[in-house]
Every structure is written in C-alpha cells, then in structure tokens.
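# Chain and residue survey
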Amino acid sequence: MKLQIRLLALLLILFTGNLKAQEHRNTIKVSARAVHIDATPLFKATVSVSGTYSSLPPEMVTLEKLKKQYKDALEAKNIAWNDLKENPNVFGYETLRYEKEGTLYEFRTESVDKMKKFLQIKSLGVQVLNYDTIITIDDDEITQLSKKALSNATERATAIAQAMGKQLGEVKEVEDLNNRWGEEIVSTIYYDRDPGEYIYMINVIFTVK
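Now for a look at the structure at hand. Owing to the predicted nature of the structure, the values given are computational and were not obtained by experimental measurement. (Residues numbered from 1 in each chain as written. Predicted model: local features only at pLDDT ≥ 70, side-chain atom pairs only at ≥ 80, totals over all residues. Heavy atoms only, no water.)

### Some details on the pairing of strand 8 (residues 197-208)
Among the 12 residues in strand 8, 9 count as buried, and that is most of the element. Pairing analysis gives 11 bridges linking strand 1 (residues 27-37) to strand 8, with the strands arranged antiparallel. Across the sheet, Ile-28 pairs through a bridge with Phe-206, a residue of strand 8. The pairing of strand 6 (residues 168-176) with strand 8 spans 6 bridges and is antiparallel. Residue pairing across strands places Val-174 opposite Val-204, the latter belonging to strand 8. (Buried < 20%, exposed > 50% of the residue type's maximum accessible area, 1.4 Å probe, protein only. Helix = DSSP H or I, 4+ residues; strand = E, 2+ residues; numbered from the N terminus. Pairing = 2+ DSSP bridges.)

### Some words on the environment of Gln-144
Mapped onto the elements, Gln-144 comes out in helix 4 (residues 139-163). In this structure Gln-144 comes out as partly exposed when scored by relative accessible area, which is 43%. With 108 residues separating them in the primary sequence, Gln-144 and His-36 have C-alpha atoms 9.4 Å apart.

### Here we look at a nonpolar patch on the surface
A surface patch of nonpolar side chains, amounting to about 240 Å² of accessible area, comprises Leu-56, Met-60 and Leu-124. Here Met-60 lies in the loop between strand 2 (42-50) and helix 2 (63-76). Residue classification places Met-60 among the partly exposed positions, given a relative accessible area of 44%. (Patch = residues over 30% accessible without salt bridge, like charges linked within 9 Å, V, L, I, M, F, W, Y side chains within 5 Å. Areas by Shrake-Rupley, 256 points an atom, 1.4 Å probe, with all protein chains shown as cover. Salt bridge = Lys/Arg side-chain N within 4 Å of Asp/Glu carboxyl O.)

### Brief notes about the pattern of salt bridges
Under the criterion given, the structure shown has 6 salt bridges. When the shortest N-O distance is used, the salt bridge between Glu-75 and Lys-71 registers 2.9 Å. Of the two residues, Glu-75 and Lys-71 both sit in helix 2, 4 residues apart, roughly one turn of that helix. Two residues, Arg-193 and Glu-197, come together in a salt bridge whose shortest N-O distance is 2.7 Å. Its relative accessible area of 34% is what places Arg-193 among the partly exposed residues. Since its relative accessible area comes to 17%, Glu-197 is described here as buried.

Written as structure tokens, this is what we have:
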C-alpha cells in the first residue's frame, strides 16, 4: 500500500513538472520599461553644520560661529536663511553620532538654478549629506507609462518569438515593479541623468503559438 502511494506521488510530481515545463515552453517572459521626465520636480538637500572635521581650536569653530558663517555664505548667493529648515524631522544630527556639537538643515526648492547655487556654497563646517528630487506620478501619467511599457514589452517579445519560429500570443501575466502611486518618489540627483527622470518597469509573460 505504501509503495503504491509513493508511486502515485512520484507520478504526480512528474506530471506536474511536465505541465510546468510545457507551460514554460509556450510562454515568453520579458522585462520592459518606459521613461517619465517630470516637468516640475521638487529639489531637496540636507546639510550638517559642525566642527567635527576641523582641526582649528574649539573656540574658533563653535556652532554659533559656524552658523553665522554659513548664513553669510547663503545670503551672498541670494538664498535666504529662512529658506532652510533646521532639524526638519523627529531625529536629526544626533543620528550621525559625531563627537562635536552640530545641527542639520534642509533646503527645498522648485528652482534648478537655486538648487545648483545651494550645492555650490562652501562654508567651514558644512557638509552636504544628500541631494534628491521628489516627484509624484498621477493617474494619467501611470496610464501613459503603462501603455509605453506594454508596447516595449510586445516589441521585444515579438522579436524573440520570431527567432523561435513562433507567433506571439496574448498577455498572460503582468508584474508591476514600481512605487505605490500617489506617493512621493524620492531619487538621488545624478550628474548623468535628468533630475526629473523616473523609470517605470514591468515584467510581462506572453503566450506563444
């Protein structure tokens, strides 16, 4: 009886494996993408101000003096001190675990020129920690990106099917690999990418015949 059960289990495993193998032979899976360039990204930068990396005597790099020098450097570039928000989150400078006293500032702007100026400002004790863009994808943009990505997937899968000597069938499955829509999408600014760039990606499985 036990032998019969084992034989039935083995046959079931072999049968299931054959079905899966047959299924894979009759499908093509491709990754596809569509590029979105946001016209109005929000720019955000976070800096720390402290004497941590200075070798000057402590009395020359007090936090108040460093703040004053930084304020003067900002205003020299026509950036108002009030444009910065000190310690914008619940936790701030203390999470950096520096030994010396310091603080964090966050700067936000929709102006490319102002962001460039901000990142170019040099002042004793100032370190830029991050510089990002923030965008939000709306429903209309999702629809357009989905269409472009599916079109890209179809082109790629068609080429593969032709190389196999087969015809492309219908879409069997689509896997969404993107952020949750309606939420802020934060991306680091890179020198070789558009600051408003977002790459929408999906995996698509097609049948072939």
